[in-house]
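Survey of secondary and tertiary structure
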Amino acid sequence: MSTPAATPPGGTWTLGDLTVTRFGYGAMQLAGPWVMGPPADRDGALAVLREVVALGITHIDTADAYGPHLTNQLIREALHPYGDSLHIVTKVGATRDEAGGWPPARRPEELRRAVRENLENLGLDTLDVVNLRLGDAQGPVPGSLAEAFEALVELQRQGLIRHLGLSNATAEQVAEARAIAPIVCVQNMYNLAHRHDDELLDELAEQGIAYVPFFPLGGFSPLQSEALTAVAARLEATPMSVALAWLLQRSPNVLLIPGTSSVAHLRENVAGAGLSLSEEDLAELDKIGR
Ligand SMILES: NC(=O)c1ccc[n+]([C@@H]2O[C@H](COP(=O)([O-])OP(=O)(O)OC[C@H]3O[C@@H](n4cnc5c(N)ncnc54)[C@H](OP(=O)(O)O)[C@@H]3O)[C@@H](O)[C@H]2O)c1
């Protein structure tokens, strides 16, 4: 593996005992349409993953449900054996049906199987971080996570998981999990226009827990806003760069996992996220999600 380049914008954060770049990469967009089946451009997908590492990014977010299985297999093909600095964060708790849906799979035996499949497909003996994905496609759903989370804690005791996290979780579920075992991150939907988690994000910052927004660029429907376009035009930057820079400046515990299937977009995002936003820019951008 080539020597990593300079650290991408944002510096680093520590997930438990693992240091990762705050600028990470979300691998979901590498699979086929609606995250089902193989990518249209397989070599292009492998090239994106290799470029992630070449740019110095040390945090990749994935799930065995992407493809399903295929995205993890691509990561393994492109990057295994992994360098010591690279950390792969995966999630369990949802599976795929034939229609491309994401039905929950949170019974203990389903979680044990998902952890085993992640290990096999990624070619690892231990998963660095496993997020328990809760809720449904519409967002978090209240309810106890104890049985599912305790099943993952048991796999952690067996040495199959290094650190635990949550995804698509309510503040109450975060508190419930933390009463059972430490977590290092929460991965929920959040971006310039979708700020339901502002309070949770700030609480996690105080507790030294990472907040990892999924859909940082708006997901399947990229962010569109007149204010964002206006600020980007003033700074001679792309709206995507401004959206990522805003997240990096939002709080030190925010880790980015923007997705792309394009090497050009990946480079553009890494280059652009270092943009420094003024108080005036931030005030204008803040109005988008309020
Ligand atoms: N925990 C969960 O339930 C959950 C749910 C969803 C996602 N996730 C994670 O979060 C990660 C990020 O979410 P996401 O990838 O769905 O959404 P995203 O990062 O918000 O946006 C990705 C979209 O933006 C486009 N894009 C990226 N850079 C661009 C640029 N410079 N110019 C124009 N378009 C650009 C991509 O298209 P191109 O491919 O053309 O660049 C893609 O369509 C995922 O990869 C996944 O790891 C987790």
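This is a predicted model, so every value here is computed, not measured.

**Comments concerning the sheet that holds strand E7 (residues 161-167)**
Within the open sheet, the 7 strands sit side by side as E3-E4-E5-E6-E7-E8-E9. Their pairing is parallel. Since the sheet does not close on itself, it has two edges, and those belong to strand E3 (25-26) and strand E9 (210-211), each with one partner. Bridge count for E3 against strand E4 (residues 59-61) is 2 bridges, and the pairing is parallel. Paired with Gly-26 across the bridge in E4 is Asp-61.

**Notes on the environment of Trp-13**
Within the secondary structure, Trp-13 is located in strand E1 (residues 12-15). Here Trp-13 falls in the buried class, since its relative accessible area comes to 16%. Taking the C-alpha atoms as reference, Trp-13 lies 7.9 Å from Leu-255; in sequence the two are 242 residues apart. With sequence-adjacent residues up to four places away left out, Trp-13 is seen in contact with Leu-18, Thr-19, Val-20, Arg-22, Gly-208, Ile-209, Ala-210, Pro-252, Asn-253 and Leu-255.

**Considering the UniProt feature "domain: NADP-dependent oxidoreductase" (unreviewed entry) in the chain**
According to UniProt, the positions carrying the feature "domain: NADP-dependent oxidoreductase" (unreviewed entry) are residues 24-288. As a span, residues 24-288 carries 41% helix and 11% strand, and end to end its C-alpha atoms are 24 Å apart.

**Some thoughts on the site of the ligand**
Neighbouring residues of the ligand: 25 residues in total, closest Asp-61, Ser-167, Leu-217, Thr-260 and His-265. For the ligand, an oxygen atom lies 3.1 Å from a polar atom in the side chain of Arg-133. Interatomic distance of 2.5 Å between a side-chain N/O atom of Thr-260 and an oxygen atom of the ligand. When isolated, the ligand has an accessible area of 900 Å², and the protein chains bury 87% of it. For the shell around the ligand, the element with the highest residue contribution is helix H9 (residues 263-272), accounting for 3 residues. Split into classes, the residues belonging to the shell around the ligand amount to 10 nonpolar, 11 polar and 4 charged.

About the criteria used
Residues numbered from 1 in each chain as written. Predicted model: local features only at pLDDT ≥ 70, side-chain atom pairs only at ≥ 80, totals over all residues. Heavy atoms only, no water. Pairing = 2+ DSSP bridges. Helix = DSSP H or I, 4+ residues; strand = E, 2+ residues; numbered from the N terminus. Buried < 20%, exposed > 50% of the residue type's maximum accessible area, 1.4 Å probe, protein only. Contact = heavy atoms within 4.5 Å. UniProt positions renumbered as here; feature names shortened; annotations may be inferred. Near = heavy atom within 4 Å. Polar contact = N/O pair within 3.5 Å; in protein donor to acceptor, adjacent residues only side chain to side chain. Areas by Shrake-Rupley, 256 points an atom, 1.4 Å probe, with all protein chains shown as cover. Nonpolar A, V, L, I, M, F, W, Y, C, P; charged D, E, K, R; others polar.

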